[in-house]
Amino acid sequence: MNVLVCVKRVPAPGARINITSDGQQVDTAFLGFTVSPHEECAVEQAVQLIEKHGGDVTVLTLGPAEAEEQLRTAVSTGATKAVLVPIDATDWDPQKTAHAIAKVIGELEATNGKYDLVLFGNESADSCGYQVGVRSALKLGRPIVNGAKGLEIDNGVAVIRRESDAGVEIYRLKMPACVGIKEGINLPRYPTMKGRLASKKVAVDRSEASGENGGLKLITLRRPPERASNTVILGNGPDAASAVVDLLEELGVFK
Amino acid sequence: MTVLAVVEHDRGNITSASLGVLTAARNLAKQMNTKFEALTIGANADRLSETVANFGATTVHQAHNTMLTDFGPEAWGESVAQVVRKISPSVVIGTGTERGHEIIAQAAARLDLPAAMNCLEFDKNFDGSQPLDVVRSRWGGSLMEESRIDASIKLVTLANHVVEPQEELATSPATISVIDVQLDESVSQSFVQDRVERVAGVTLATSPVVVSGGRGVGSAEAFAPLEELAGLLNGVVGCSRAVTNNGWRNHTDQVGQTGTRIAPDIYIACGISGAIQHWVGAMASKNILAINTDAQANIVTKAGYAVIGDLHVVVPAISAEIRRRQNK
Ligand SMILES: Cc1cc2nc3c(=O)[nH]c(=O)nc-3n(C[C@H](O)[C@H](O)[C@H](O)COP(=O)(O)OP(=O)(O)OC[C@H]3O[C@@H](n4cnc5c(N)ncnc54)[C@H](O)[C@@H]3O)c2cc1C
Ligand SMILES: Nc1ncnc2c1ncn2[C@@H]1O[C@H](COP(=O)(O)O)[C@@H](O)[C@H]1O
């Protein structure tokens, strides 16, 4: 089976997120980059599926040329092919992104045949738009379910398990289908030696991006108000235990 | 010109997130000097019309189709799209939940309209005649974004817990309008096909006490003292992503942006540095106690209380002190 996974390059901030002075971006001067944990799990799920059923895992990203790094990382953990859809901006709006992604997938399928599954993260780590997967699936004319915490193949049908307040729900989508994956579905592997070598060698194909601006426009980013705190140090080491239990008593969590 | 609230329900049971949406829709409609209407999906939700009217909706649209017996993201999204085409509201508000985001994304894709998820605020000067400026949360709440929705119909979801539900009756009883939506094969697959009900009990999301461990705990086995302390306090154990990534604990225990958001009476964070993606999951806690060897760790500087020291000795010492007082 052939699976395509969409990943998005995002900065990996530490204790706080700083914004550039024009308010348009996260200040990435001292940051590394990664993809959303949901997308890491989507790659892992795809790799597990081809290990079981055979086939290829293609990773695709729409982003700056540097996003090649995220594609190669995915290859180091088992993806077999990589496609970069380069754009000049750091980000496109969700409508434009989905348009471009669906178009490139259509072009890839015209030469390689249909992907049985196209996987997305449940939401991207940075913009948390909750929509690029849904919009892309609709343009591809395929069903999609988000929030997948389980994904198995049963006779040409993708069996999706997801959690809700009410309980565990099962969906069955005839392939080709799209699925939005959530962290927790699996435990992503670390790169292997073999994977690292493959990631250096893999050819990153390029496809041209196209699309009209959608109707959602960023005005400015800002940091939420921080809660002021004057940390009360209850003590050092085990001697602090008594002060801790006093506090627990005071808060009424221990009687 | 109306504001349309999309009611999220589970087999006819309204969700608490919907009540916030109804309240927000009413407030926005008032500001726009217009009416607020609501949409329920599936005949099993007809009985919610009274609840919805108690929040001030002047019309309750009931989308009907024999396929609408349970949740299905595509069928629900298509239903919203058809109702929106029919009544042309100026704003559509859905819930900021997994289902709500999915419904609004589906509707937006089908209508080829923009959508802004997890909105925290709407422009106070919006009167329906201009683009809608919103503040929405990004990075799972670590950042906020001001953006502009420039479209004839504005689709949004309201971030959960930002608007306190408040009933307010409309001056006249709500009109009921049944809308038969047309659904075909293309949306027939993504329905809940089977379901295992959740057993009630204290969960990470609802427990008043959470004792959480991070990379500093060091191994799966070393969580035993944290389990013990949580047990003594009738709480549950949580963890950071470093822990789930190492396979020490299941992802269901993870607190943070891609884990669970918690709001306990006290959050005891042991050996956790307090990266922003972890912090956003824990920051709603009423009290935070950090136990860390590093007095400069982000979690220590942000927490209300801290103990500087090795969690492997501090945590057992706290449990011992609790037992000593219990036995007195
Ligand atoms: C998009 C995205 C989403 C993410 N989502 C999440 C999420 O949902 N949840 C989450 O937790 N993380 C998330 N992360 C990961 C996050 O950035 C951090 O990597 C992670 O939270 C670090 O976990 P930690 O604090 O346990 O480990 P570390 O950062 O390594 O901190 C370990 C801490 O333990 C202390 N310590 C060490 N030994 C001891 C000891 N013996 N006694 C006491 N203290 C000790 C150290 O001083 C240090 O402060 C996400 C990251 C990204 C990019
Ligand atoms: N620029 C991008 N390149 C590739 N995939 C993307 C991009 N943006 C979003 N996606 C995919 O769509 C999912 C949902 O994104 P979003 O709508 O931004 O929350 C992500 O988890 C990715 O799988």
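Just above sits the structure.
Residues numbered from 1 in each chain as written. Chains lettered and ligands numbered in written order. Predicted model: local features only at pLDDT ≥ 70, side-chain atom pairs only at ≥ 80, totals over all residues. Heavy atoms only, no water.

1. So, the overall build of chain A
Consideration 1: When you go through chain A residue by residue, the secondary structure sums to six helices and 13 strands.
Consideration 2: Looking at chain A residue by residue over its 255 residues, the buried ones come to 54%.
Consideration 3: Contacts in chain A between residues at least 24 apart in sequence constitute 71% of all its contacts with a sequence separation of at least 6.
Consideration 4: By element, 50% of the accessible surface of chain A is carried by carbon and sulfur atoms, the whole surface being about 11200 Å². (Helix = DSSP H or I, 4+ residues; strand = E, 2+ residues; numbered from the N terminus. Buried < 20%, exposed > 50% of the residue type's maximum accessible area, 1.4 Å probe, protein only. Contact = heavy atoms within 4.5 Å. Areas by Shrake-Rupley, 256 points an atom, 1.4 Å probe, with all protein chains shown as cover.)

2. Some words on the site of ligand 1
Consideration 1: What surrounds ligand 1 is a group of 31 residues, the closest being Arg-215, Ser-240, Ser-273, Gln-277 and Asn-292 of chain B.
Consideration 2: This site is not confined to one chain, since residues near ligand 1 come from chains A and B.
Consideration 3: One of the backbone nitrogen or oxygen atoms of Arg-241 of chain B is found 2.8 Å away from an oxygen atom of ligand 1.
Consideration 4: Protein contact buries 82% of the 990 Å² of open area that ligand 1 shows by itself.
Consideration 5: Listed by contribution, the elements that provide at least two residues to the shell around ligand 1 are α6 (241–245), α7 (276–282), β16 (287–292) and α9 (311–327) of chain B. (Near = heavy atom within 4 Å. Polar contact = N/O pair within 3.5 Å; in protein donor to acceptor, adjacent residues only side chain to side chain.)

3. Quick word on the interface of chain B and chain A
Consideration 1: The partner chain A presents 83 residues to the 87 residues of chain B that form the contact.
Consideration 2: Both faces combined, the contact of chain B with chain A buries some 7200 Å², and carbon together with sulfur accounts for 56% of it.
Consideration 3: Seen at the junction of chain B and chain A, the total is nine salt bridges.
Consideration 4: Arg-162 of chain A is the partner of Glu-102 of chain B in a salt bridge, and the nearest nitrogen-oxygen pair spans 2.8 Å.
Consideration 5: In terms of residue count, helix α4 (residues 98–111) of chain B provides more of the side of chain B that touches chain A than any other element does, nine residues in total.
Consideration 6: Of the residues assigned to the side of chain B that touches chain A, the class counts are 38 nonpolar, 26 polar and 23 charged.
Consideration 7: Of the strand pairs in this sheet, strand β13 (residues 232–236) of chain A and strand β17 (residues 305–308) of chain B are connected by four bridges, and their pairing is parallel. In the sheet register, Asn-236 of chain A faces β17 of chain B, and the bridge partner there is Ile-308 of chain B. (Buried area = accessible area lost by both parts, 1.4 Å probe. Salt bridge = Lys/Arg side-chain N within 4 Å of Asp/Glu carboxyl O. Nonpolar A, V, L, I, M, F, W, Y, C, P; charged D, E, K, R; others polar. Pairing = 2+ DSSP bridges.)

4. Brief notes about the nonpolar core
One broad trend across soluble globular proteins is that nonpolar side chains are buried collectively.
Consideration 1: Among the nonpolar cores identified, the biggest contains 96 residues, and Val-5, Leu-60, Leu-117, Leu-119, Leu-151 and Ile-181 of chain A are the most heavily contacted of them.
Consideration 2: Leave out the neighbours within four places in its chain, and Leu-117 of chain A touches Met-1, Asn-2, Val-3, Leu-4, Leu-49, Leu-151, Ile-153, Ala-158, Met-175, Ala-177 and Val-179 of chain A.
Consideration 3: Among the nonpolar cores identified, the runner-up in size contains 35 residues, and Leu-248 of chain A together with Ile-268, Ile-291 and Val-307 of chain B belong to it. (Core = buried A, V, L, I, M, F, W, Y, C linked by side-chain atoms within 4.5 Å.)

5. A word on the packing of aromatic side chains
Consideration 1: Scanning the model with the defined rule gives one aromatic pair over all chains in all.
Consideration 2: Summarising the aromatic geometry, the rings of Phe-71 of chain B and Trp-76 of chain B are spaced 5.1 Å apart at their centres and angled 65 degrees between planes, so their arrangement reads as edge-to-face.
Consideration 3: Since its relative accessible area comes to 2%, Trp-76 of chain B is described here as buried.
Consideration 4: Across from the ring centre of Phe-33 of chain A, 3.8 Å away, lies the NZ or CZ of Arg-9 of chain A, which sits over that ring. (Phe/Tyr/Trp six-rings, centres within 6.5 Å; stacked < 30°, edge-to-face > 60°. Lys NZ or Arg CZ within 6 Å of the ring centre and 35° of its normal.)

6. Remarks on the sheet that holds strand β13 (residues 209–213) of chain B
Consideration 1: The six strands are arranged β13(A)-β17(B)-β16(B)-β15(B)-β13(B)-β14(B) in an open sheet whose pairing can be described as parallel. Each edge of the open sheet carries a strand with a single partner, namely β13 of chain A together with β14 (236–239) of chain B. On average, each strand axis in the sheet is tilted by 20 degrees relative to the strand beside it, whichever way the strands run.
Consideration 2: Sheet topology note: the β13 of chain B/β14 of chain B ladder contains four bridges and is parallel. The residue of β14 of chain B that forms the bridge with Val-210 of chain B is Val-236 of chain B.
Consideration 3: The strands that helix α5 (residues 224–232) of chain B touches are β13, β14 and β15 (266–270) of chain B; relative to β13 of chain B, the one it contacts most, it runs at about 175 degrees.
Consideration 4: Of the strands in this sheet, β15, β16 and β17 of chain B are in contact with α9 of chain B, which crosses β16 of chain B at around 130 degrees. (Axes fitted to C-alpha atoms, helices over the stretch in contact; angles between N-to-C directions.)

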